[in-house]
Amino acid sequence: MSGAAIADPRSLRWLAIATAVVLTVAILLLPLAAVFAEALRRGWEPALEAILDEDSLAAVRLTLLVAAIAVPVNTIGGIAGAWAITKFDFPGRRLLITLIELPFSVSPVISGLVYVLLFGAQGFLGPWLREHDIQIIFALPGLVLATVFVTFPFVARTLIPLMQEQGRDEEEAAATLGAGGWDIFRRVTLPNVKWALLSGVLLCNARAMGEFGAVAVVSGHIRGQTNTMPLHVEILYNEYMFVGAFAVASLLALLGLVTLGAKALLEALARRRMGDAA
Amino acid sequence: MSASAATRRHVLPGFGVSLGVTLAWLGLIVLVPLAALAIRPWELGVAGVIRTLAEPRVLAALRLSFGAALLATAIAAPLGLLMAWVITRYHFPGRRVLDALVDLPFALPTAVAGLALTALFAPNGWLGVPLAAIGVQVAYTPVGVVVALVFVALPFLVRTVEPVLRDLSPEAEEAAATLGATRPQTIRRVVLPTLWPALLTGFGLGFARAVGEYGSVIFIAGNVPMVSEIAPLLIVTKLEQFDYPAASAIGLAMLLMALLILFGLNLWQRALRRGRA
């Protein structure tokens, strides 16, 4: 591809590749393998039993429910944010981008803490909530809020650079021809960004289902009620139910692997589409 | 330009709706709750906040969190650079698999990563046994904290350096080679300087994630106060004791310190870009 003058010496090349492969195996692949190995230490039966346990299934249902609320919220917010920031000129756009990305710099524990400070028993709104018999912390709303916070930037972050790059010409042409805002978005913008959008939603979902620190703070760890899958893993582990802990962890690891595979597939599709356009 | 900007603003519909939704989303989810964090510690008074933060256990936890995160990101930087280099520059069987696996720490839930690393490095684990043979204990020590944070920070480094490395034109390298530079000289004098801004960005992202990390760390750390207890865990402990002001004081201090470091990295990066322009 490039000239021989800038080709790395063969020895250097193989050393670099070998180091990268060893690194990948040791710090990425081995931990993953360890999860499945520990889960299957005593065969398939105990592992399956742990997953089909009533509390585990309740945790799976709760995790799906939390993600089903949190992901759409951040998808709608992310699309609105990307549309406002990339299709219009107004002062403070850079600040808005910084603020949208801020949750990535906040510890998950702090992401949960802020809602406890607002809605907890001794929180700012605690007394009012108790009076009106509304429970947010140690209940579903708290889990959803904390999850929305930690997954906040994912969709906006994947859309903004792409939409900035694509400019406004196509949308403006559609507007000149009389198309309304919703039609422009659905027929012009969406087809251009759909793979990036899907990939953002996918990562958002993976983080939402796997979040641990933020939900640990607001959950209260009530089995069968406010225990998500990652929290259930921790409880099992702390009770020395290692096979169970690693079995539920395997389920979460599979979710991660499926996400990775789907993301790679989406990237390949996006590449092919760009290749067609060229 | 301002005239075209003014007309453009009215060409596309939906400005009010989209900005309104964005501000409501940002305000309700992020800004109002963070404001609560900024207000809450001060009911202790300034002296009380200082006293809370100056507790030996709190100081030790903050030192461990920031020290381990900086060290881990500094270790992840050269490793990430190597991975990015191998992925973009060389063709070999399995390159795509390697490329996909780099994102694993992004996709793997943190509690699962924590459990996995603990199983791996525990005294009877696959890596724990050989390491114990040479007298190194990783699990349940501060070393374990660093290992977990390297795992967490690595993909940020790889993914920010990779696009820059890919877009680097071969001409500069060829020119250097033609002028008689050896390959290592070219890499050090031509390639590395163009990568510095991206490396700093990756360092910032990786550090920001590592310093607040909780799930991957608490299983492998052993959580001994003063030794291997990270600041986020101490916040959880304070919350469990219903000591909201102390928890929020530690949280606010962590957040401000992290943002200050990120701001410093940002300034450094700008200076680098200006210097090159």
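The rules behind the values
- Residues numbered from 1 in each chain as written.
- Chains lettered and ligands numbered in written order.
- Predicted model: local features only at pLDDT ≥ 70, side-chain atom pairs only at ≥ 80, totals over all residues.
- Heavy atoms only, no water.
- Helix = DSSP H or I, 4+ residues; strand = E, 2+ residues; numbered from the N terminus.
- Buried < 20%, exposed > 50% of the residue type's maximum accessible area, 1.4 Å probe, protein only.
- Contact = heavy atoms within 4.5 Å.
- Areas by Shrake-Rupley, 256 points an atom, 1.4 Å probe, with all protein chains shown as cover.
- Buried area = accessible area lost by both parts, 1.4 Å probe.
- Salt bridge = Lys/Arg side-chain N within 4 Å of Asp/Glu carboxyl O.
- Polar contact = N/O pair within 3.5 Å; in protein donor to acceptor, adjacent residues only side chain to side chain.
- Nonpolar A, V, L, I, M, F, W, Y, C, P; charged D, E, K, R; others polar.
- Core = buried A, V, L, I, M, F, W, Y, C linked by side-chain atoms within 4.5 Å.
- Axes fitted to C-alpha atoms, helices over the stretch in contact; angles between N-to-C directions.
- Parallel < 35°, antiparallel > 145°, perpendicular 65-115°, else oblique.
- Expected span 1.5 Å × (residues − 1).
- Bend = angle between axes of the 7 residues up to and from the residue.
- pLDDT = per-residue confidence, 0-100.
- Left-handed = near helix turned anticlockwise from the far one by under 90°.
- Patch = residues over 30% accessible without salt bridge, like charges linked within 9 Å, V, L, I, M, F, W, Y side chains within 5 Å.
- Lys, Arg positive; Asp, Glu negative; His and termini not counted.
- Charge placed at Lys NZ, Arg CZ, Asp CG, Glu CD.
- Phe/Tyr/Trp six-rings, centres within 6.5 Å; stacked < 30°, edge-to-face > 60°.
- Lys NZ or Arg CZ within 6 Å of the ring centre and 35° of its normal.

Chemist: Can you help me understand the overall build of chain A in this one?
Modeler: Scanning chain A from N- to C-terminus turns up 13 helices and zero strands. From first element to last, N terminus to C terminus, chain A shows the α and β order α-α-α-α-α-α-α-α-α-α-α-α-α. Based on the C-alpha atoms only, the size of chain A along its principal axes is roughly 65 × 60 × 30 Å. When burial is assessed residue by residue, chain A has 52% of its 278 residues classed as buried. Considering only residue pairs separated by 6 or more positions, chain A has 72% of its internal contacts joining residues 24 or more positions apart. As displayed, chain A offers around 12,800 Å² of accessible surface, 65% of which is attributable to carbon and sulfur atoms.

Chemist: How do you make sense of the interface of chain B and chain A when you look at a structure like this?
Modeler: The extent of an interface is frequently quoted as the accessible surface area lost upon association of the parts. Contacts between the two partners involve 84 residues from chain B, matched on the other side by 95 residues from chain A. Counting the surface lost from both chain B and chain A, the interface buries some 7,800 Å², and carbon and sulfur atoms represent 80% of this. With a closest N to O distance of 3.0 Å, K263 of chain A and D103 of chain B form a salt bridge. Across the contact surface, chain B and chain A share eight residue pairs in polar contact (both at pLDDT 80 or more). Classifying every residue of the side of chain B that touches chain A by side-chain character gives 66 nonpolar, nine polar and nine charged.

Chemist: Sorry, what's going on with the nonpolar core here?
Modeler: Here is a general trend for soluble globular proteins: nonpolar side chains tend to be buried in one another's company. Counting 177 residues, the largest nonpolar core has Y115 of chain A together with I29 and L37 of chain B as the members making the most contacts within it. L37 of chain B has contacts with I110, L113, V114 and L117 of chain A together with S248, G251, L252 and L255 of chain B, leaving out every residue within four places of it along the chain.

Chemist: For this particular structure, what's the right way to read the packing of helix 5 (residues 108-119) of chain A against helix 2 (residues 15-39) of chain B?
Modeler: To describe two helices that pack against each other, one gives the angle between their axes and the distance between the axes. Look at helix 5 of chain A against helix 2 of chain B: their axes get within 8 Å of each other, and the N-to-C directions meet at 75 degrees. Considering their axes alone, helix 5 of chain A and helix 2 of chain B lie roughly perpendicular with respect to each other. Of the residues in helix 2 of chain B, those in contact with I110, L113, V114, Y115, L117 and L118 of chain A of helix 5 of chain A are I29, V32, P33, L34, A36 and L37 of chain B. Of the residues belonging to the contact of helix 5 of chain A with helix 2 of chain B, the class tally is 12 nonpolar, no polar and no charged.

Chemist: Explain helix 9 (residues 142-167) of chain B to me, please; I cannot follow it from the model alone.
Modeler: Residues separated by three or four positions in an α-helix point in the same direction, a consequence of the helix having 3.6 residues per turn. End to end, helix 9 of chain B covers 39 Å across 26 residues, agreeing with the expected 38 Å (1.5 Å per residue, within 8%). Along helix 9 of chain B, the sharpest kink reaches roughly 35 degrees, centred on A153 of chain B and followed within four residues by the proline P155 of chain B.

Chemist: Is there a simple way to think about the confidence of the model for chain A in this case?
Modeler: Note: predicted coordinates in regions of low pLDDT should not be interpreted at a detailed level. Within chain A, residue pLDDT values average 91, and 96% of them lie at 70 or more. Mean pLDDT across the secondary structure elements of chain A bottoms out at helix 13 (residues 242-277) of chain A, with 87, and peaks at helix 7 (residues 140-150) of chain A, with 97.

Chemist: Mind showing me how you'd approach unusual backbone geometry here?
Modeler: Outside of glycine, negative phi angles account for most residues, and trans bonds account for most peptide bonds. Residues and elements named next belong to chain B. Even without being a glycine, Y140 presents a positive backbone phi close to 65 degrees. Tracing the backbone through its elements, the reader meets Y140 in the loop between helix 8 (128-133) and helix 9. Under the relative-accessibility criterion, Y140 is labelled partly exposed at 36%. In this model, M226 sits at a positive phi of 75 degrees, which is unusual for a non-glycine residue. In this structure, M226 sits in the loop between helix 12 (215-221) and helix 13 (231-240). Among the residues examined, M226 registers a relative accessible area of 48% and is labelled partly exposed.

Chemist: Explain the packing of helix 10 (residues 170-178) of chain B against helix 11 (residues 183-212) of chain B to me, please; I cannot follow it from the model alone.
Modeler: Residue and element names in this part refer to chain B. The N-to-C vectors of helix 10 and helix 11 enclose an angle of 135 degrees; their axes lie 10 Å apart at closest approach. The pairing of helix 10 with helix 11 is recorded here as oblique in orientation. Between helix 10 and helix 11 the crossing geometry is right-handed. Contacts between helix 10 and helix 11 involve A172, E173, A176 and A177 on the former and, on the latter, R183, T186, V190 and V191. Split by residue class, the contact of helix 10 with helix 11 holds five nonpolar, one polar and two charged.

Chemist: Mind showing me how you'd approach the side chain of D89 of chain A here?
Modeler: Tracing the chain through its elements places D89 of chain A in the loop between helix 3 (54-87) and helix 4 (93-101). Within the structure, the side chain of D89 of chain A is placed 3.1 Å from the side chain of R168 of chain A, a separation counted as a polar contact.

Chemist: Got a minute to help me understand helix 7 (residues 110-121) of chain B in this structure?
Modeler: With 12 residues, helix 7 of chain B should cover 16 Å at 1.5 Å per step; its first-to-last C-alpha distance of 16 Å lies within 8% of that length. Burial of helix 7 of chain B is extensive: 12 of the 12 residues sit out of reach of the surface.

Chemist: Can you walk me through the pattern of salt bridges in this structure?
Modeler: A side chain of one charge can pair with a side chain of the opposite charge if their charged atoms are brought near each other. This model, assessed by the stated rule, comprises 20 salt bridges over all chains. Of the charged contacts, one joins K238 of chain B and E55 of chain B as a salt bridge, the two residues approaching to 3.7 Å between their closest N and O atoms. Residue K238 of chain B is found in helix 13, and its partner E55 of chain B is found in the loop between helix 3 (45-54) and helix 4 (56-89); the two are separated by 183 residues along the sequence. Given a relative accessible area of 12%, K238 of chain B falls into the buried group. A relative accessible area of 32% means that E55 of chain B is categorised as partly exposed. Each member of the salt-bridge network shares a partner with another, and the members are K263 and E267 of chain A together with D99, D103, R159, E162 and R166 of chain B.

Chemist: Would you mind showing me how to read the confidence of the model for chain B here?
Modeler: Residue and element names in this part refer to chain B. In this model, chain B carries a mean pLDDT of 91, and residues with pLDDT of at least 70 account for 96%. Across chain B, helix 4 holds the top mean pLDDT of 96, while helix 1 (residues 2-11) sits lowest at 51. Overall fold confidence (pTM) sits at 0.92, and the ipTM for the predicted complex is 0.91.

Chemist: What is the right way to read a negative patch on the surface from this model?
Modeler: Residues E45, E49, D53 and E54 of chain A make up a contiguous surface patch of negative charge. Tracing the sequence through the fold places D53 of chain A in the loop between helix 2 (44-51) and helix 3.

Chemist: Honestly, the packing of aromatic side chains in this entry has me stumped. Any pointers?
Modeler: The geometry of an aromatic ring pair is captured by the separation of the ring centres together with the interplanar angle, meaning the angle of the planes. For the coordinates displayed, the defined rule picks out 16 aromatic pairs over all chains. Pairing Y237 of chain A with F246 of chain A gives two aromatic rings, centres 6.4 Å apart and planes at 75 degrees, and the pair type is edge-to-face. Look at Y237 of chain A and you get buried, because its relative accessible area is 15%. Among the aromatic residues, those joined into a ring-pair cluster are F212, Y237, Y240, F242 and F246 of chain A together with Y214 and F219 of chain B. We note R89 of chain B situated over the ring of W85 of chain B; from NZ or CZ to the ring centre the distance is 4.7 Å.

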